[in-house]
Amino acid sequence: MNESVVVQDPEILSGTPVFAGTRVPVRNLLDYLEGGYTLHEFLDDFPGVSKAQVVEFLEQASAKLLVAA
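Residues numbered from 1 in each chain as written. Predicted model: local features only at pLDDT ≥ 70, side-chain atom pairs only at ≥ 80, totals over all residues. Heavy atoms only, no water.

## Looking at the nonpolar core
So, step 1. Counting 12 residues, the largest nonpolar core consists of Val5, Phe19, Val24, Val26, Leu29, Tyr32, Phe42, Leu43, Phe46, Val49, Val54 and Phe57.
So, step 2. With three residues, the single largest contributor to this core is helix H1 (residues 26–34).
So, step 3. Residue contacts for Phe19: discarding those within four places in its chain leaves Val5, Val24, Pro25, Val26, Leu29, Phe42, Val49, Gln53, Val54 and Phe57. (Core = buried A, V, L, I, M, F, W, Y, C linked by side-chain atoms within 4.5 Å. Buried < 20%, exposed > 50% of the residue type's maximum accessible area, 1.4 Å probe, protein only. Helix = DSSP H or I, 4+ residues; strand = E, 2+ residues; numbered from the N terminus. Contact = heavy atoms within 4.5 Å.)

Right under this line is the structure:
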């Protein structure tokens, strides 16, 4: 994905990081995963977020964690 998967804009949820093109906070995905829900359940509950966005977000987060380690 060439475009940003996550955006922060003070006009959208007071600057909370959200998936681009949505008002779905990234924190929602993390909460779902921490709560034992599946990616499929998250995507069903937030149809505005694409699987490609979630996968790209997780890949970027993983890469940043591996660089920091």
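## Digging into unusual backbone geometry
So, step 1. We note that Leu13 has phi near 50 degrees; this positive angle belongs to a residue other than glycine.
So, step 2. Looking at where Leu13 falls in the secondary structure, it is placed in the loop between strand S1 (6–7) and strand S2 (18–19).
So, step 3. Using a relative accessible area of 31% as the deciding quantity, one classes Leu13 as partly exposed.
So, step 4. The backbone of Ser14 sits at a positive phi, close to 55 degrees, despite the residue not being glycine.
So, step 5. Its location among the elements puts Ser14 in the loop between S1 and S2.

## A word on the packing of aromatic side chains
We describe a pair of aromatic rings using the distance from one ring centre to the other and the angle between the two ring planes.
So, step 1. One pass over the structure, following the stated rule, counts six aromatic pairs.
So, step 2. Judged by centre distance (6.0 Å) and plane angle (75 degrees), the ring pair of Phe19 and Phe57 falls under edge-to-face. Placement of Phe19 in strand S2 and of Phe57 in helix H3 (residues 51–68) is noted, with a sequence separation of 38 residues between them. Neither Phe19 nor Phe57 differs from the other in exposure class; each is buried.
So, step 3. For the pair Phe42 and Phe46, a centre-to-centre distance of 4.9 Å together with 35 degrees between the ring planes defines the contact as tilted. Residues Phe42 and Phe46 agree in their burial class; the two are buried.
So, step 4. Taken together, the ring pairs in this structure connect Phe19, Tyr32, Tyr37, Phe42, Phe46 and Phe57 into an aromatic cluster. (Phe/Tyr/Trp six-rings, centres within 6.5 Å; stacked < 30°, edge-to-face > 60°.)

Shape descriptors only; they carry no functional weight alone.
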